[in-house]
Amino acid sequence: MSTLVIKDLHVEIEGKEILKGVNLTINTNEVHAIMGPNGTGKSTLASAVMGHPKYEVTQGSIMLDGEDVLEMEVDERARAGLFLAMQYPSEISGVTNADFMRSSINARREEGEEISLMKFIRELDSKMEVLDMDQEMAQRYLNEGFSGGEKKRNEILQMMMIKPKIAVLDEIDSGLDIDALKVVSEGINQMRGEEFGCLIITHYQRLLNYITPDHVHVMMQGRVVKSGGKELAQKLEAEGYDWIKAELGIEDETVGQA
Ligand SMILES: Nc1ncnc2c1ncn2[C@@H]1O[C@H](COP(=O)(O)OP(=O)(O)O)[C@@H](O)[C@H]1O
Ligand SMILES: [Mg+2]
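Residues numbered from 1 in each chain as written. Chains lettered and ligands numbered in written order. Predicted model: local features only at pLDDT ≥ 70, side-chain atom pairs only at ≥ 80, totals over all residues. Heavy atoms only, no water.

Undergrad: Sorry if this is basic, but what is going on with unusual backbone geometry here?
TA: Backbone geometry follows two general trends: most residues other than glycine have a negative phi, and most peptide bonds adopt the trans configuration. Positive phi is not limited to glycine here, since Asp65 has a value of about 50°. Counting through the fold element by element, Asp65 comes out in the loop between strand S4 (55–64) and strand S5 (67–68). Phi at Gln221 is positive, roughly 50°, even though this residue is not glycine. Tracing the chain through its elements places Gln221 in the loop between strand S11 (215–220) and strand S12 (223–228). (Helix = DSSP H or I, 4+ residues; strand = E, 2+ residues; numbered from the N terminus.)

Undergrad: Got a minute to help me understand helix H3 (residues 97–107) in this structure?
TA: Residue pairs three or four apart in sequence face the same way in an α-helix, which turns once every 3.6 residues. Along H3, the residues classified as buried are Asn97, Ala98, Met101, Ser104, Ile105 and Asn106. Looking at the buried positions of H3, the neighbouring elements they touch are strand S7 (92–96), helix H4 (117–130), strand S8 (141–142) and helix H5 (148–162). (Buried < 20%, exposed > 50% of the residue type's maximum accessible area, 1.4 Å probe, protein only. Contact = heavy atoms within 4.5 Å.)

Undergrad: Sorry, what's going on with the packing of aromatic side chains here?
TA: For any two aromatic rings, the description comes down to two numbers: the centre-to-centre distance and the angle of the planes. In this structure the tally under the stated criterion is 0 aromatic pairs. The lysine or arginine in question, Lys235, covers the ring of Trp243, its NZ or CZ lying 4.2 Å from the ring centre. (Phe/Tyr/Trp six-rings, centres within 6.5 Å; stacked < 30°, edge-to-face > 60°. Lys NZ or Arg CZ within 6 Å of the ring centre and 35° of its normal.)

Undergrad: Looking at this model, I keep getting lost on the layout of surface pockets. Mind explaining?
TA: Left-over empty space is what a probe sized like a water molecule reveals as it rolls over the atoms. By volume, the largest pocket is sized at about 830 Å³. Taken together, 33 residues make up the lining of the largest pocket; nearest its centre are Met50, Val74, Leu84, Met86 and Phe100. Only helix H1 (42–50), helix H2 (74–80), strand S6 (82–85), H3 and H5 provide two or more residues apiece to the lining of the largest pocket. Here the lining of the largest pocket gets 5 residues from one element, more than from any other, and that element is H1. Of the residues belonging to the lining of the largest pocket, the class tally is 18 nonpolar, 10 polar and 5 charged. A volume near 340 Å³ is recorded for the second largest pocket. Taken together, 17 residues line the second largest pocket, and the ones lying closest to its centre are Arg108, Lys163, Pro164, Lys165 and Glu195. Taken together, the residues of the lining of the second largest pocket break down into 7 nonpolar, 3 polar and 7 charged. (1 Å grid on protein atoms, 1.4 Å probe; cavity = no way out; pocket = protein on both sides within 12 Å on 5 of 7 lines; lining within 4 Å. Points joined across faces, edges and corners; volume = space filled by probe spheres on them. Nonpolar A, V, L, I, M, F, W, Y, C, P; charged D, E, K, R; others polar.)

Undergrad: Hey, could you run me through the coordination of the magnesium ion (ligand 2) in this one?
TA: Note on the magnesium ion (ligand 2): its protein donors are Ser43 (OG) and Gln87 (OE1). The metal-donor distances range over 2.1 to 2.4 Å. On the criterion of sequence distance, the pair formed by Ser43 in helix H1 and Gln87 in the loop between S6 and S7 is long-range, its members being 44 residues apart. A residue is classified by how much of its surface remains accessible, and Ser43, at 25% relative accessible area, is partly exposed. (Donors = N, O, S within 2.8 Å, 3.2 Å for Na, K, Ca; no water.)

Undergrad: Looking at this structure, how should I read the site of ligand 1?
TA: Within the structure, ligand 1 sits among 14 residues, and Gly39, Gly41, Lys42, Ser43 and Thr44 are positioned closest to it. Residue Ser43 places a main-chain N or O atom 2.9 Å away from an oxygen atom belonging to ligand 1. The side chain of Thr44 places a nitrogen or oxygen atom 2.5 Å from an oxygen atom of ligand 1. In isolation ligand 1 exposes 560 Å². Once the protein is present, 69% of that is buried. Of all elements in the fold, only strand S2 (16–27) and H1 reach the threshold of two or more residues within the shell around ligand 1. Top contributing element to the shell around ligand 1 by residue count: H1, with 3 residues. Residues belonging to the shell around ligand 1 are distributed by class as follows: 4 nonpolar, 6 polar and 4 charged. (Near = heavy atom within 4 Å. Polar contact = N/O pair within 3.5 Å; in protein donor to acceptor, adjacent residues only side chain to side chain. Areas by Shrake-Rupley, 256 points an atom, 1.4 Å probe, with all protein chains shown as cover.)

Undergrad: How should I be thinking about the pattern of salt bridges in this particular structure?
TA: When their charged atoms lie close together, side chains carrying opposite charge are able to pair. Summed over all chains, the structure comprises 10 salt bridges. Of the charged contacts, one joins Glu14 and Lys54 as a salt bridge, the two residues approaching to 3.4 Å between their closest N and O atoms. Linking Glu14 in the loop between strand S1 (3–13) and S2 with Lys54 in the loop between H1 and S4, this pair joins segments that are 40 residues apart in sequence. According to the relative accessible area criterion, Lys54 is partly exposed, its value standing at 47%. One salt bridge in this structure joins Lys235 and Glu239, with 3.2 Å as the shortest N-O distance. Taken together, the positions of Lys235 and Glu239, both in helix H7 (residues 230–239) and 4 residues apart, correspond to about one turn of that helix. (Salt bridge = Lys/Arg side-chain N within 4 Å of Asp/Glu carboxyl O.)

Structure representation (structure tokens):
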């Protein structure tokens, strides 16, 4: 079992405090969802976990199985078993999708234990079939010219191939039509199990109709302000966020404003 523990996390971007004490524990075998209005720091949390240099951690800790994640470089975090599907995946020219995935898999293995080309291709084919992706996508440069929906499927393909311990999926559902949403959900559901934990960041409850979360958290003003089970997501869908704001005495959901 693996555990990611985020404690009292404070993060600044260019001197402005965005996260103001986030606490969250994610174990393998668990699916967590974070919901919340725009601009409350959800993507900032994802970027801070993965070590984006623009996001400065000023207080708190992030530990993976007792190891200090904040001490690790970005590539070390990936090797340690963390994975981030970004809200806006970037295009990387000159690196094919397949090469990227193969080297990411091998980076997490000991020398001499690398995945064989045959095994890699077989696995890639089967995962691409689950995600209903065109075979030629594997040979294209990473995300270059991919449509919004293709990028999202591709993030999930990478996750399925790399098999991280803990994945953070930022708005993986945005811009997906209903069929794409179903295949992406199918991919995530296939990963569920003893070796895999996941944090799904979403603005809408829609995705959670296909992936039943074990825990749902609401983020507002740079903090996790409420946690519950899957029924919390349904209540948010039906009633919005106003009742939470009223409960907590929050008037404005934007963060970082005086
Ligand atoms: N790179 C950045 N530079 C400056 N401000 C940023 C940057 N990224 C995010 N912010 C600000 O941080 C706040 C939280 O953003 P974000 O984490 O993207 O919110 P969410 O994902 O919940 O919509 C917003 O006020 C946003 O404008
Ligand atoms: Mg975001």
